[in-house]
Amino acid sequence: MTTPALFITGAGSGIGRAVSLAAARDGWYVHAADIDHAAAAQTLEQVEQRGGHGTGHGLDVTDAAAVAQTFTALDSAAAPLRGLFTAAGIDTGGAAHELDPAVWRRVLEVNATGTFLVVQRALEAMMPGGGSIVLCGSPAAQVGFAAGGATAYGASKGAISSMTRTLAVDYAPFGIRVNAIVPGPTETPLMWANVPPAEVDRMRDQVEREVPLGRMAQPEEIAESVLWLLSDRASYTTGSLLPCDGGVLAKSSISV
Ligand SMILES: NC(=O)c1ccc[n+]([C@@H]2O[C@H](COP(=O)([O-])OP(=O)(O)OC[C@H]3O[C@@H](n4cnc5c(N)ncnc54)[C@H](O)[C@@H]3O)[C@@H](O)[C@H]2O)c1
C-alpha cells in the first residue's frame with residue numbers, strides 16, 4: 001500500500017510545524033515547506049525523530065515558478081499527494097489610514113495569492129485520485145479585532161474564506177474536499193508580531209481573559225482539528241470554516 005503525502009506550507013514554525021508532526025504520527029508522508037529553509041529542515045528532522053518520513057523545502061509561496069518547480073519535483077509515485085495544509089502567513093498590522101500600500105500588497109500577496117498558487121499545483125496533483133485541502137483562515141475574516149489594525153490581515157483571510165467555499169464546490173466532482181481551519185489566538189510568533197516585546201505578557205493576560213475558554217491555544221490543539229479535516233473521518237465535510245478558537249467567534253462582547 002502506498003503512503004499518502006501531505007504538503008504543508010509555513011511548516012517551519014507554529015501551527016504548520018505542529019501539523020507536520022501530528023501528520024507524521026498519523027501516517028502521512030510529510031512535505032514540509034517554508035520560506036525559512038532551515039526551519040523547514042528542522043521540522044523534517046523532528047518528523048524523522050518521531051519515526052516519520054518526508055522532505056523539506058525552502059519555498060516562498062509568492063513565487064509561482066518556485067511553487068511549480070517544487071511540486072514537479074515531488075516523488076508522487078512513492079507517495080501520491082492526498083493532502084495540503086497552507087499555514088504560510090504573515091500579519092503586519094497598522095491603522096488603515098496610515099498603512100503603507102506596499103504592506104497591504106505584501107500581506108495579500110503572501111496570505112491570499114501565495115495560498116492560491118500552492119492550491120493550484122496541489123489540485124493538479126490531486127485531481128486524478130482525490131484528496132483533502134485545508135486552508136488557514138482567521139476570526140479576522142469575520143469580526144474586527146478589538147486591538148485594531150487588522151485591515152490587511154482580515155482582508156487576506158476573507159479571501160481564504162471565499163476561496164474555501166468556491167474551491168469546495170468546483171472540485172467536489174474530483175473527490176477533493178476543501179475546508180478551512182479558523183484558529184483562535186494561538187501561542188506562536190505570529191500572534192505577537194504586532195506587539196512590542198515588553199507588552200506581550202500583559203497582552204497575553206488580557207487575551208486569556210477575553211477568550212471564553214480562558215486561555216490561548218497551543219499549536220498542537222489546532223493541529224488536531226486540521227488532521228481531522230484532512231482525514232477520511234471528515235469524508236462528508238467540505239466547504240466548511242471550522243472554528244478552533246476557544247469560543248471567540250461565538251461570543252459577543254456586549255455584557256447586557
Ligand atoms: N497564531 C494565531 O493566533 C493564528 C490565529 C489565526 C490564524 N493563524 C494563521 O495560522 C497560520 C500559521 O501561523 P502561525 O501562527 O503558526 O505563525 P508562525 O509565524 O509561527 O508561522 C508562519 C510560518 O509561515 C512562514 N512564511 C511566512 N511567509 C512565507 C512565505 N512567503 N512563503 C512560505 N512560508 C512563509 C514563516 O516563515 C513561518 O514559519 C497563518 O496563516 C496565520 O495567519 C494564526
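Above this text is the structure in question.
Heads up: these notes are all about the structure in this document. (Residues numbered from 1 in each chain as written. Predicted model: local features only at pLDDT ≥ 70, side-chain atom pairs only at ≥ 80, totals over all residues. Heavy atoms only, no water.)

**Examining the packing of helix 4 (residues 101–126) against helix 5 (residues 151–171)**
Which entries qualify depends on this criterion: To define axes, lines are fitted to C-alpha atoms, for helices over the stretch in contact only, and angles between the resulting N-to-C directions are given on a 0 to 180 degree scale. Each helix is a run of H or I in the DSSP string that is no shorter than four residues. Each strand is a run of E no shorter than two, and both are numbered from the N terminus. Here the word oblique covers every angle except those under 35 degrees (roughly parallel), over 145 (roughly antiparallel) and from 65 to 115 (roughly perpendicular). Should the near helix be turned anticlockwise from the far one by less than a right angle, the crossing is termed left-handed; should it be turned clockwise, right-handed. Any two residues whose heavy atoms approach within 4.5 Å are treated as being in contact.
Between helix 4 and helix 5, the least distance of the axes is 8 Å, while the angle of their chain directions is 20°. With respect to their mutual orientation, helix 4 and helix 5 come out roughly parallel. Once helix 4 is placed against helix 5, the crossing between them reads as right-handed. Residues Trp104, Val107, Leu108, Asn111, Ala112, Thr115, Phe116, Val119 and Leu123 of helix 4 lie in contact with helix 5, whose contacting residues are Thr151, Ala152, Tyr153, Ala155, Ser156, Lys157, Ala159, Ile160, Met163, Leu167 and Tyr171.

**Some points on the environment of Val226**
As for its position among the elements, Val226 is in helix 7 (residues 219–230). Once the C-alpha coordinates of Val226 and Val178 are considered, the two residues, 48 residues apart in sequence, prove to be 12 Å apart. Look past the residues within four positions of Val226 in its chain and what remains in contact with it is Val19, Phe85, Val134 and Ile181.

**Notes on the sheet that holds strand 4 (residues 81–86)**
To keep it simple, the criterion reads: At least two DSSP bridges between two strands are needed for those strands to be called paired.
Strand order across the open sheet formed by seven strands is 3-2-1-4-5-6-7, with parallel pairing between neighbours. Two strands in the sheet have a free side with no partner beyond their single neighbour: strand 3 (54–58) and strand 7 (241–244). Averaged over neighbouring strand pairs, the angle between their axes works out to 20° when direction is ignored. Pairing of strand 6 (residues 176–183) with strand 7, which is carried by four bridges, proceeds in the parallel orientation. Along strand 7, the bridge assignment pairs Val182 with Pro243. Taken strand by strand, helix 7 contacts strand 1 (5–9), strand 4, strand 5 (131–136), strand 6 and strand 7, and its axis lies near 165° from that of strand 6.

**Description of the side chain of His31**
Here His31 shows up in strand 2 (residues 29–34). Contact partners of His31, with chain neighbours within four places excluded, come to Ala5, Leu6, Phe7, Ile8, Thr55, His57, Leu74 and Leu81.

**Brief notes about the pattern of salt bridges**
Basically, it comes down to this: Salt bridge, as used here: a side-chain nitrogen of Lys or Arg that lies within 4 Å of a carboxyl oxygen of Asp or Glu. Exposure is judged per residue with a 1.4 Å probe applied to protein chains only, and the accessible area is read against the type maximum: over 50% gives exposed, under 20% gives buried, and values in between give partly exposed.
One pass over the full model with this rule turns up seven salt bridges. Where Asp26 meets Arg25, a salt bridge forms, and the shortest distance between an N and an O atom there is 2.8 Å. Ionic pairing is found between Arg202 and Glu199, a salt bridge with its closest N-O pair at 2.5 Å. For Arg202, a relative accessible area of 45% puts it in the partly exposed group.

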